[in-house]
Amino acid sequence: MRVIIRTALGAAAFVCCLALAGPAAANNFCVPTYSADCPASGTNEAEPDLNAALSAYGSDGNPDRVIIAPGTQTSTGSFKAPGNDPLEIIGSGRDKTFLTSSATGNTYVLDLTSGSNRAVTVKNLAVVVPASFSTGAAISESADRFESVDLISRNDGSSGVFNPTGGSSFSDVRAFGQNGAGFGGVFYQQSQCGTGPITFERIHITDASSGLIWNCPEANPVTVDRARFTGVGAAISVSDGALVSVTNTLVESGEGAPIRAFSAANKVTTLNLDHLTMVATGDPNQPAIRAQVNGVASPTKDIEISIGNSIISGFADSWSLEAPVDSVKGNVSLDASFLASDSDGLTAGESFVTGANNLALGGEAIFAAADDFRLATGSVVIDAGDPAATLPDHDLDGEPRPVDGNADLVPVGDLGAYEYQPTCEEDPAFCPVDATAPRISKVSFTSRPGRGSSLRLKISEAATVKAVFTPLSKRGRPKRGKVKLSRKARAGSLTIKLGKRKLKPGRYRLTLQAADKAGNKSKMITRKVRVKG
């Protein structure tokens, strides 16, 4: 009987272990082999093939990490990550780890949508569109996260991220071209909107016809913060019911109107612009903002634009607004408040402009330099923003906002993408007031017959120390004169040596006092000292 029971338990345990056994879920894949960031330890598994690492155990219920060593990984098609489990793809730095393809045709370098239902985070690498693509794009994604990623185009006209969707976030992303090529649209949303909001933070786009193209409805609101668009034809283009908010952004224009809004649909399109600096570094005859309700046959809704706390500089027209005069067609409305500009705008048809507290620029210097659009000391746009605004609490550089930039003791936000950060060197009004007096301590005096004397002390800050030796007269002794000394000293220990002829033998009253650069004086210190003969 005992034997039977033992056998039954042993078989059950064996079956249990078989039931629990499954694929070895490697949490970390090291591509193409082990490295300092992915050593041969723990659950790390070396995998020379990046596509194999991206697809292995993609649906075993465990999150996976693929850590890629410095170098270039090239796929014959696209890099794909099928499965359902969360996935991190981590390079060794966007100047060290590169993903590209040798494929031809219209495809993606990194395809995170084909067969994938994974929440993917991509960071610390670059995705390079090869010259071999006919068009294609760097990335296809859906509700994924990108951090410290470069998008590089070597194929003129390719997209950066094609159809970025709601639920996605892009932080510290740069997009630029190489070998004379550039992007068509960097973030190009065509129709696949997804669910929820999408955020862009600290992005920098150059060498592109378009930066952000967005036509998804208000259910997919877009937030852009701390962005730079350099020489981009259309930095931001919105249409057909989009809701887009842009803050702390520098736009250096290219060959077209940098901000564009269109409507050919029966949905309200909304564009909110706050703390923008827009400079006509490209074609100055293009307006800074162009908005148009198309005259299509079907009914259309309004385009609503607000711009505040911003600067528009160098454009012949700050805006061009156009809407048909038709009761079933939408209007264009622009609210411009706390705006500094050096030109008026154009309106046509059912387009309207409202606003208040605007500032007309008259050619005065407002920027730090011709190619530096931070604010110059004394600029008229400093502290000229909406005094009631509490957000944003930072500027394009991440510096605090608001700051008291005109020394009136009232912090008010500046106009534009940058908040002026005053320094004492640029403006003495911002030098901190020094109300702290220096302190003298550890005073000692020594005298050696025939060898002179030494006065030692410590001082709390840089100051000028004055010492006075007043003779204490005694009957029958020859008269001695008062001796005054002055020394400039740094904070710390100070030794003043007095030669044997400086002080005649006898007793003295020593008084010490220090004064700093601001005029603060230490307490007077008095000691009785004796000079030996």
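Residues numbered from 1 in each chain as written. Predicted model: local features only at pLDDT ≥ 70, side-chain atom pairs only at ≥ 80, totals over all residues. Heavy atoms only, no water.

A. Structural context of the overall build of the chain. From N to C terminus, the chain includes two helices and 37 strands. In terms of overall dimensions, the chain is more spread out than a globule: its C-alpha atoms have a radius of gyration of 36 Å, far above the 24 Å expected for 533 residues. Taken along the three principal axes of its C-alpha coordinates, the chain extends 115 × 95 × 50 Å. A total of 533 residues make up the chain; the buried ones form 46% of that total. Summarising the internal contacts of the chain: among those between residues at least 6 apart in sequence, 67% fall at separations of at least 24. Accessible surface, the chain: about 25200 Å² in total, of which carbon and sulfur atoms supply 50%. Each charge class in the chain was averaged separately, 52 positive and 53 negative side chains, and the resulting centres sit 35 Å apart. (Helix = DSSP H or I, 4+ residues; strand = E, 2+ residues; numbered from the N terminus. Rg over C-alpha atoms; globule rule 2.2 N^0.38 Å. Buried < 20%, exposed > 50% of the residue type's maximum accessible area, 1.4 Å probe, protein only. Contact = heavy atoms within 4.5 Å. Areas by Shrake-Rupley, 256 points an atom, 1.4 Å probe, with all protein chains shown as cover. Lys, Arg positive; Asp, Glu negative; His and termini not counted. Charge placed at Lys NZ, Arg CZ, Asp CG, Glu CD.)

B. Quick peek at the pairing of strand 24 (residues 319-323). Of all five residues that make up strand 24, four are buried, and the element is covered over most of its length. Relative to strand 24, strand 22 (residues 289-293) runs parallel, the two being bridged by four bridges. When the bridges of strand 24 are listed, Q292 appears paired with E322. Of the pairings in the sheet, the one linking strand 24 to strand 26 (residues 346-349) comprises four bridges and is parallel in character. Paired with L321 across the bridge in strand 26 is T347. (Pairing = 2+ DSSP bridges.)

C. Local environment of the side chain of S153. Among the structural elements, S153 can be located in strand 11 (residues 145-153). Overall, the relative accessible area of 0% leaves S153 in the buried class. The residues touching S153, leaving out its near neighbours within four places in the chain, are V129, S158, F176, G177, Q178, A181, G182 and F183.

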